[in-house]
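Report on the structure
Listed below are the residues making up each chain.
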Amino acid sequence: MLTRKQHELLSFINERLGETGVSPSFEEMKEALDLKSKSGVHRLISALEERGFIRRLPNRARALEVLKMPEKAGGGNVVPLRAPAASPLVAANSNDIVELPLHGRIAAGTPIEALQGTESLAVPAALLGPGEHYALEVAGDSMVEEGILDGDYALIRKTDTARDGEIVVALINNEEATLKTFRREGQMIRLDPANRRYDPQRYRPEQVVIQGKLSGLLRRY
């Protein structure tokens, strides 16, 4: 059985992973749970890890994986999130499945040709928020510090606008697409990687068309 704070933290981590595909920072966890220090977060994380609810992923910053969720606050049965081989690792507390258009591979390293494809990807509906979505397979390692790995499936909500700091699908010069963090820099658009080995990409606004922003992440083993 989990304590109230343990359950609150587990729910917060699971919701953030479902929304962005990236686990929250310790500072965000501290503020969300109204804790006085990060040491309290560390203790809660360790307790959840010992009980088998989460797992820390080695060699990656801000990398937590939710393995199971209680059905009800304060304990009860648990819903496993670790699926069998060839099933999504990240799952949801819902049996509803949505077939999203799978538009091929998008480069998380350098831009590639604009994406096309007619395949689909089965996704738990609870991973998706409002709006129309599609899926892209990630190619490359330039977003690893955001927990986005080669071979992951990025779940993208269609939109043509973005705010600074959001991870977007950007179409460059109407022919190349890339997955990067969107920022405005003076009169230019800057697309930032999340890997120190790569440099930001800068474009004039008319060169960049936003095709969606990251809503979630799916990983298969």
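What the protein chain contains, in helices and strands, is three helices and 14 strands. Across the 221 residues in the protein chain, those meeting the buried criterion constitute 46%. Counting only contacts in the protein chain whose residues sit at least 6 apart along the sequence, the fraction spanning at least 24 positions is 59%. Accessible surface for the protein chain amounts to roughly 11500 Å². Of this, 47% is attributable to carbon and sulfur atoms.

Another aspect to go through is the packing of aromatic side chains. The final tally for this structure, using the stated rule, is zero aromatic pairs. Here Lys68 stacks its cationic end above the ring of Phe53, 4.8 Å away from the centre of that ring.

Before going further, it helps to spend a moment on the confidence of the model for the protein chain. Low-pLDDT portions of the prediction should not be read for the details of their coordinates. Taken residue by residue, the protein chain gives an average pLDDT of 79. The fraction at 70 or more is 81%. Taken element by element, the protein chain is modelled with least confidence in strand E4 (residues 75-80), mean pLDDT 39, and with most confidence in strand E12 (residues 188-192), mean pLDDT 96.

Right, let's talk about the nonpolar core for a bit. Judged by nonpolar contacts, the single largest core of 17 residues is most densely connected at Leu9, Leu10, Ile13, Met29, Ile45 and Ile54. Put simply, the parts of the chain that give this core at least two residues each are helix H1 (4-20), helix H3 (38-50) and strand E2 (64-66). Considering each element in turn, this core owes the most residues, five residues, to H1. With sequence-adjacent residues up to four places away left out, Leu10 is seen in contact with Leu2, Leu48, Phe53, Ile54, Val66, Lys68, Met69 and Pro70.

Turning next to the pattern of salt bridges. Where charged atoms from two side chains of opposite charge come close, those side chains can pair. Summed over the entire model, instances satisfying the criterion amount to 20 salt bridges. Linking Glu28 and Arg16 is a salt bridge whose minimum nitrogen-to-oxygen distance equals 3.1 Å. Of the two residues, Glu28 is situated in helix H2 (residues 26-32) and Arg16 in helix H1; the sequence distance between them amounts to twelve residues. One salt bridge connects Arg219 with Asp152, and the closest N-O pair in it is separated by 2.7 Å. With a gap of 67 residues between them, Arg219 in the segment after strand E14 (208-218) and Asp152 in the loop between strand E8 (133-139) and strand E9 (153-157) connect regions that are remote in the sequence. Of the two residues, Arg219 and Asp152, both sit in the buried class. Through salt bridges with shared partners, a single network forms among Arg183, Glu185, Arg190, Asp192 and Arg202.

With that settled, consider H3. Compared with the 18 Å implied by 1.5 Å per residue over 13 residues, the 18 Å span of H3 between its first and last C-alpha is a close match. Along H3, the residues that are buried comprise Gly40, Val41, Leu44, Ile45, Ala47 and Leu48. Here the buried residues of H3 occupy an arc of 160° about the axis, which is enough to place them on one side. For H3, the exposed residues lying more than 90 degrees away from the buried face are Arg43 and Glu50.

Time to look at the side chain of Arg219. In this structure Arg219 comes out as buried when scored by relative accessible area, which is 11%. A distance of 3.0 Å separates a polar side-chain atom of Arg219 from the backbone oxygen of Gly147. A distance of 2.7 Å separates a polar atom in the side chain of Arg219 from a polar atom in the side chain of Asp152.

Across residues other than glycine, the phi torsion is negative in most instances, and most of the peptide bonds are trans. Non-glycine residue Asp34 carries a positive phi angle of around 55°. The backbone phi angle of Asn173 is positive, close to 55°, even though this residue is not glycine. Note that Asn173 resides in the loop between strand E10 (167-172) and strand E11 (176-185).

Cut-offs and rules
Residues numbered from 1 in each chain as written. Predicted model: local features only at pLDDT ≥ 70, side-chain atom pairs only at ≥ 80, totals over all residues. Heavy atoms only, no water. Helix = DSSP H or I, 4+ residues; strand = E, 2+ residues; numbered from the N terminus. Buried < 20%, exposed > 50% of the residue type's maximum accessible area, 1.4 Å probe, protein only. Contact = heavy atoms within 4.5 Å. Areas by Shrake-Rupley, 256 points an atom, 1.4 Å probe, with all protein chains shown as cover. Phe/Tyr/Trp six-rings, centres within 6.5 Å; stacked < 30°, edge-to-face > 60°. Lys NZ or Arg CZ within 6 Å of the ring centre and 35° of its normal. pLDDT = per-residue confidence, 0-100. Core = buried A, V, L, I, M, F, W, Y, C linked by side-chain atoms within 4.5 Å. Salt bridge = Lys/Arg side-chain N within 4 Å of Asp/Glu carboxyl O. Expected span 1.5 Å × (residues − 1). Arc of directions from axis to C-beta. Polar contact = N/O pair within 3.5 Å; in protein donor to acceptor, adjacent residues only side chain to side chain.

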